[in-house]
Amino acid sequence: MSPFLPPFAGRLRRFFLSASLIGLPLLSVPVHAKNAGLTAIEVYPGPNGQNYQQIADFLLGGKNELLLCGGATTGIDKNVYHRLAKVVLSTGMTLERTADGVLMLTQGPPPDNAQPACVVPANIKFDKGGSFSASDLADKTDIVGSVVSGSDPSTTQIAPLKPGVLIVFVPAPDKELAEYLRADRAASIPGWQTYFAAYPAGAHLAQASKSMAALYMQAANSAFSAYQSSKSSSAPDYTQLAAARQATDKAHALVADDASIADLSQKIHAEVLGLSAAAQAKLAAYQQALKQQTPGYANLVAAEKLAGGAALAEPATPEAAAAESQTKQARASLDSILKDSESSITAHRPDDASAKIASVRVFAPENPRIAVDLQSISDLFVAHAKVLEEQPDWPGAVKELEKASATVSSPDIDALLKDAREQALIAANKAAADAASQKSQTAETNGDIVTAYEVLDDLPPDQHALVTDRLAALKDRYVPAAEQAAAGLQKAHEPINGIGDESGIRLAYAYLQRCFAITNDPTLQDRIAILGEDLSSYELAQGKRYAEKPDGTGVNVGWVYLTEALLYKSQTDSGAIHDELTTARPAHLLKSRLSVKVDFRDQTSRRDAVDFAQQLTDSLATGLESSGLDVKVVRPQDTIPVQPNFQLIGDVLQHELSSSTEIVPKESKYRFGQQEVPNEAWLQANRDYEKANNDLEAARSVLEGAQAKGKKGDIKKAEDAVQTDEKTVEDLHAKLDEIPKTRMEDEERPYTYSQVNHHLKIVVALQFRILDTSGEEVVQTMPIRSEAPQEYSILQDVKSDDTGGVRNEGAIPNDNDFLETDEYKARDELIAKAKEQVAALPVIVLARADRKAGDGDNDGAAELYILYLDSTPVADTPERLRARKFLADQFNFRDIGLQAPED
C-alpha cells in the first residue's frame, strides 16, 4: 500500500462506519442469535488471481461466534480453550486468515477495539491431552452457507478458509463492494482498471483512486530510481524516466492534490529541463566545432541522446521540444550534406562531392559514413589521375592526385603523386625547352643571333641541360654579335643622363658579362669595368640626390639607388657608396617602415589628467610594440633624424569623477538588558511529571480492583504496571529537579542607524587620429568613451550589541580605485582600436601612392610604393605587382620587393 493510503482494515472500517450510523448492528448481538447466519463477502486467491463469493447464511463451524486467543497462539489445550473469551460475529467485522494460518478478526471501526485480534473457531472438540496452535484450530473448521454470486459463476461451492482468505461481513450482498475488495486485495493496476471499467462512479471511487494512484506511484518511484541509477553509466535509461513521467501523470489524474505525487513530478520535470539544457550545450559545442572546423561530431550524438530522452519523457515541455527539434535539424542538415555528396560520388563527380562534403570532413575520425565517403572521393580522384596519365597529361594527373592526397592521404597515393610530379616536371621542362628552341630558331632565321642564344641560355638548369647542343652551336656566333651590340649601346648611351641611358648601359654590361662567361677573354674585363663605373657613378649620384631630400622624403628611393650602385663596384672600391649608405641609414630605418609617433595630450582642466595622458602615451606605445605588427613606434622624448611616416595624436577629452551621497535611516534592535522568564524545558518536564502521577494513580486503582476480585493473573499484571509507573514518576521527578524553573532572556529595544549610499559618476573620454608627415589626416578621429556609474553603501551609528546581525563591517572603498578601473577599460579599448587602424595603414599607403602616381608625382609615389612593399609580406599579389611594375617602369628598379627587407 502507498504511504499516503490507510491500511485496508481502516478503509473497510470507514465503509462500515456508515452502516453503524444508520442503525445497523456491529458488535452488540443478542445471545439467542449466535447461530443465525450472516451475509459475507469472501475474497480468496484463485488460480488466476483474486476471486470473490457473496455468501448468505454464513456460519463458521455451524456458529457465528469465535473465541479470542488472548495472546495464546500456541499450546492451546482444552482447559485454555474453554477459558477463552467469546466474540459474536456481526456486520462490520472482517476476518482474515494470514499467511501463517492464524485467523485475525477486526471487530469494528473506532472508537471500539478496532485492532486485529487473534481468534479461533468456537465449536472445536478436544481429544484428551491434546494441544494445538491457533493455526491448527483454524484448520478444523469450515464455512457453512450458500453462494449467492461470485466472480467465477462456475464455482458454486464455498471457497475453503485457507491462508490468504478475507471475509467481510456486510448488511446485504453488494457486488460493487465485492469488486472493490477484490481489486484492493489484488493490489494490481489491471485489477483496479477492471473495477473502474465496471464502476466509473462507484461508491468507493475515492478510495479506489487513491489505491490505484499508490500503485502508479510505486511504479513511478521504481522507474525513477532505476533511471537515477543508470545516469552514471554511458547509456542512461531514458525509457525509465519516461515511464516514471507517465505513471506519475496517471497518479495525478486520479489524485490531484497529493504532495508526494507533486514532489516526484517536479523532480522528473527538473531532470527533463536538465537534459534539455545539456542537449542545447552539446548542440552548441557541435555547431561551434562545425564553424571552427575542429573535431566535435560526438557532441551532436550526445545532444541527440539527451534531447531524445527529454522529449521521450515530456514531449510537450517547450525546452525539451526545442532541444529535440534543433538537434533533428542539425542531423537533417548533416544528412543532407552527405546525401548530396554521395549523389555526386555515384555520378563520378569527385570535385562536386569534395566541395559538398568539405564543411563536415573534419568529423571523419568520428563518423564512419563521412570517412567512407571521403575514401570514395579520393578513389575517384586517383582513378581520374590514371586516365590522365595515359593521355599523357601529367600536370592534370598531378592535380588529381594532389586532391586525392588532400582528401585521404596514404602511402600509395603519396608514391603515385611523387612519380606524377617527376613526370610532370620532365614534361614541363621539355615543353619549355622546346618552346625556347622554337623562339631561338625564329630569332636565328631573322638574323638575331643574340636573342637566339639568350632565350636558351636564360632557361633554368633542368631546361638548360636539354638545349646544350643548340647553345654550343650558337655561341661562336653569339660572342661577336653581343660584343658588337654592347659597343653600339655604349656609344649611344654614354654619358648616362636618365633612365633610358641607364637601361642601355645595363644591357651592354649584361652582354659583355655573358660573353666573358663563354670566352673568359681578359680584354672583356676592362670594358665591363668601364661600364660598371658608369652605372655605379650614376646610381651613386642618384642615391645621394634622393637621400638628401628634406626630412627624408626621398630616402627610400635613394637607398635603392645606393644598394644598386654596390652591384657594379668591387668591395675595395665602394667606400664612397658605403659612406652614403651609413649617412642615409637612420632616416631609412624610419621611412622604410610603418613608423608612428605616439603622443597623447590633455584637453581637460584636471591636473591629474596630465599624468593620465602621459600614461596613455606609454601604454599605447608599448601596446603597439608588443602587437606583432611590423611598426616602429616613436615616443615624444625620442631623438630622431627625420619625422616618422605617421603621427598618432590622442586627446584626453574628459577624465572626471563626481560623487553624491544620500543618508537612509534604518530600524533595528539592540540588547538593552536581561529579564527572567519561565523555562519552557521545565514547564514541559513538569507536564510530563504530572501526567506520570496521574497514570500512577490510575494504575493503583486498577490494582485495587483486581485485588478485590482476587484474580491472580490480573493482580500480577496490575502490580507490574504500578511498578513501571512508579519508576517513571521517580525518573521524571529527578529530571525536573535538574532543570531551572526560569531562564534569563535578552530584553531588546528599537533604535535607528544610518545607511549612507555613495553614488559615483565616472567619465573617461578619449580620441585619436593618425596624420601623415604633411599633417593630412589619414585616419579620421576615433572616439573612445567609458562611462560607468558606481554605487556602494556604508553603515553608520550601528550599536555594538545589535541583535539583528547588523555590523559596521567592511572597508570603505577608495573612489580612485573605481576611476582607475574605468581608466584601464578605456586604455584597453584605445590600444585595440589603435592596433586595428595601424594594421590598416599599408592599404592607405598604397592608395596614396596610386594617387600620387596618377597626379604625376613619380618621386612621391615611388617613396610610398617602396614603403608598401617593405611593410607587407612578400607575395605576388596584384597590389605588390602593381607597385613593382611602377618602380621598374619609372626607376628601372627590377629586383625590388622580391625578398623581405633587412632591418
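Everything below is about the structure shown above.
Keep in mind the model is a prediction, meaning the values are calculated, not measured. (Residues numbered from 1 in each chain as written. Predicted model: local features only at pLDDT ≥ 70, side-chain atom pairs only at ≥ 80, totals over all residues. Heavy atoms only, no water.)

Secondary structure summary: the protein contains 28 helices and 17 strands in total. Computed over C-alpha atoms, the radius of gyration of the protein comes to 54 Å, more than 25% over the 29 Å expected from 2.2 N^0.38 for 903 residues, which places it beyond the range of a compact globule. The buried share of the protein, taken over its 903 residues, is 42%. Only carbon and sulfur atoms are counted for the fraction: they give 52% of the accessible area of the protein, which is about 47000 Å². (Helix = DSSP H or I, 4+ residues; strand = E, 2+ residues; numbered from the N terminus. Rg over C-alpha atoms; globule rule 2.2 N^0.38 Å. Buried < 20%, exposed > 50% of the residue type's maximum accessible area, 1.4 Å probe, protein only. Areas by Shrake-Rupley, 256 points an atom, 1.4 Å probe, with all protein chains shown as cover.)

Next up on the list: helix α18 (residues 499-519). Counted at 1.5 Å a residue, the expected span for α18 with its 21 residues is 30 Å, and the 30 Å between its end C-alpha atoms agrees. On the buried face of α18, the contacting elements are α15 (449-457), α17 (468-493), α19 (523-547), α20 (555-566) and α28 (878-891). Asn 520, located one to two residues past α18, shows a positive phi value of around 55°. (Expected span 1.5 Å × (residues − 1). Contact = heavy atoms within 4.5 Å.)

Here the structure, examined in full by the defined rule, presents 22 aromatic pairs. Ring geometry for Tyr 792 and Phe 818: centres 5.9 Å apart, planes at 15°, overall stacked. Highlighted residues: Tyr 792 in strand β17 (residues 790-796) and Phe 818 in helix α25 (residues 815-839), separated in sequence by 26 residues. The buried category is assigned to Tyr 792, whose relative accessible area is 12%. If you follow Arg 545 out to its NZ or CZ, it ends over the ring of Tyr 546, 4.5 Å from the centre. For Lys 799, the ring lying beneath its charged end belongs to Tyr 751, and the centroid distance is 5.6 Å. (Phe/Tyr/Trp six-rings, centres within 6.5 Å; stacked < 30°, edge-to-face > 60°. Lys NZ or Arg CZ within 6 Å of the ring centre and 35° of its normal.)

Okay, the layout of surface pockets next. The volume enclosed by the second largest pocket comes to roughly 420 Å³. Lining the second largest pocket are 21 residues, and of these Thr 773, Lys 852, Gly 860, Glu 863 and Leu 864 sit closest to its centre. Going through the elements one at a time, α26 (841-854) and α27 (858-870) are the ones with two or more residues in the lining of the second largest pocket. The dominant element in the lining of the second largest pocket, judged by the number of residues it contributes, is α27, at five residues. Considering only residue class, the lining of the second largest pocket consists of four nonpolar, seven polar and ten charged. (1 Å grid on protein atoms, 1.4 Å probe; cavity = no way out; pocket = protein on both sides within 12 Å on 5 of 7 lines; lining within 4 Å. Points joined across faces, edges and corners; volume = space filled by probe spheres on them. Nonpolar A, V, L, I, M, F, W, Y, C, P; charged D, E, K, R; others polar.)

As a packed pair, helix α7 (residues 238-254) and helix α9 (residues 297-313) sit with axes 8 Å apart at the nearest point and diverge in direction by 20°. Here α9 runs roughly parallel to α7, going by the angle between their axes. Both α7 and α9 take part in a crossing whose hand is right-handed. Two secondary-structure elements touch here, α7 through Tyr 238, Thr 239, Leu 241, Ala 242 and Arg 245 and α9 through Lys 305, Leu 306, Gly 309, Leu 312 and Ala 313. (Axes fitted to C-alpha atoms, helices over the stretch in contact; angles between N-to-C directions. Parallel < 35°, antiparallel > 145°, perpendicular 65-115°, else oblique. Left-handed = near helix turned anticlockwise from the far one by under 90°.)

Moving on to the pairing of strand β7 (residues 103-106). The pairing of strand β6 (residues 94-97) with β7 spans four bridges and is antiparallel. Note that in β7 the partner of Leu 95 across the bridge is Leu 105. Connecting β6 to the antiparallel partner β7 that follows it, the hairpin turn spans five residues, and Gly 101 within it adopts a positive phi of roughly 90°. Sheet topology note: the β7/strand β8 (residues 117-121) ladder contains three bridges and is antiparallel. Residue pairing in the sheet places Met 104 in a bridge with Cys 118 of β8. (Pairing = 2+ DSSP bridges.)

Summarising the element assignment, Leu 103 is placed in strand β7. Residues Leu 103 and Val 387, spaced 284 residues apart in sequence, show a C-alpha to C-alpha distance of 97 Å. Setting aside chain neighbours within four positions, we find Leu 103 in contact with Leu 95, Glu 96, Arg 97, Ala 117, Cys 118, Val 119, Pro 121, Ala 138 and Leu 161.

In the structure shown here, the tally under the stated rule is 46 salt bridges. A salt bridge links Asp 249 to Arg 245, with the shortest nitrogen-to-oxygen separation between them at 3.1 Å. A residue pair is termed a helical-turn pair when its members lie 3 or 4 positions apart in one helix, as Asp 249 and Arg 245 do in helix α7 at four residues. What you see here is one network of salt bridges that share partners, running through Glu 454, Asp 457, Asp 458 and Arg 514. (Salt bridge = Lys/Arg side-chain N within 4 Å of Asp/Glu carboxyl O.)

Looking at where Ser 225 falls in the secondary structure, it is placed in helix α6 (residues 205-230). For the pair formed by Ser 225 and Ala 244, sequence separation is 19 residues and the distance between their alpha carbons is 9.0 Å.

Here the focus is the side chain of Arg 470. Tracing the backbone through its elements, the reader meets Arg 470 in helix α17. Overall, the relative accessible area of 18% leaves Arg 470 in the buried class. Dropping the residues within four chain positions of it, Arg 470 is found in contact with Ser 440, Gln 441, Glu 444 and Leu 456.

In this structure the tally under the stated criterion is one disulfide. Across the disulfide, Cys 69 is cross-linked to Cys 118 (sulfur-sulfur distance 2.1 Å). Judged by the sign of its S-S torsion, about -55°, the cystine formed by Cys 69 and Cys 118 is left-handed. Placement of the pair is Cys 69 in the loop between β3 (65-68) and β4 (76-77) and Cys 118 in strand β8, with a sequence separation of 49 residues. Classification of Cys 69 as buried rests on a relative accessible area of 2%. (Disulfide = S-S within 2.5 Å.)

This brings us to the sheet that holds β7. Pairing in this open sheet of nine strands is antiparallel, and the strands run β5-β3-β8-β7-β6-β11-β1-β2-β10 from one edge to the other. Strands with a single pairing partner mark the edges of an open sheet, and in this sheet they are β5 (86-88) and β10 (143-150). Along the sheet, successive strands turn relative to each other by an average axial angle of 35°, direction set aside. Helix-sheet contacts for helix α4 (residues 175-186) involve β1 (38-46), β2 (49-60), β6 and β11 (166-170), and the interaxial angle to β2 is about 130°.

Looking at the element boundaries, Asn 367 is found in the loop between α11 (350-357) and α12 (368-390). For Asn 367, a relative accessible area of 6% corresponds to the buried category. A polar contact is formed between the side chain of Asn 367 and the side chain of Tyr 297, at a distance of 3.4 Å. (Polar contact = N/O pair within 3.5 Å; in protein donor to acceptor, adjacent residues only side chain to side chain.)

Further remarks concern the packing of helix α14 (residues 411-445) against α15. Contact geometry of α14 with α15 gives a least axis separation of 7 Å together with a crossing angle of 170°. Relative to α15, α14 is oriented roughly antiparallel. Along the contact surface, α14 presents Ala 436, Ser 437, Lys 439, Ser 440, Ala 443 and Glu 444, while α15 presents Ile 449, Thr 451, Ala 452, Val 455 and Leu 456. Among the residues making up the contact of α14 with α15, the classes are represented as six nonpolar, three polar and two charged.

Within the largest apolar cluster, 56 residues are counted, with the highest numbers of intra-cluster contacts made by Leu 620, Leu 766, Leu 841 and Leu 887. If one sorts the elements of this core by residue count, α27 sits on top with eight residues. Residues contacting Leu 620, with those up to four places away along its chain left out, are Val 598, Phe 600, Leu 648, Leu 830, Ile 831 and Ala 834. In this structure, Ala 178, Ala 208, Val 255 and Ala 323 belong to the second largest nonpolar core, which totals 44 residues. (Core = buried A, V, L, I, M, F, W, Y, C linked by side-chain atoms within 4.5 Å.)

Moving on: unusual backbone geometry. Each neighbour pair has its own omega, and for Gln 391 with Pro 392 the value is -10°, a cis peptide bond. In this structure, the amide linkage connecting Glu 494 to the following residue, Pro 495, adopts the cis form with an omega of 0°. Within the secondary structure, Pro 495 is located in the loop between α17 and α18. At His 348, a position not held by glycine, the phi torsion is positive, near 60°. Following the sequence through the fold, His 348 ends up in the loop between α10 (318-346) and α11. Its identity is not glycine, yet Asn 520 carries a phi of approximately 55°, on the positive side. You can call Asn 520 exposed: its relative accessible area is 53%.

Turning our attention to α7. Helix length check: α7 (17 residues) gives 25 Å between terminal C-alpha atoms against 24 Å at 1.5 Å per residue, within 8%. Looking only at α7, the buried set comprises Tyr 238, Leu 241, Ala 242, Ala 244, Arg 245, Ala 247, Thr 248 and Ala 251. Elements in contact with the buried residues of α7: α6, α8 (259-292) and α9.

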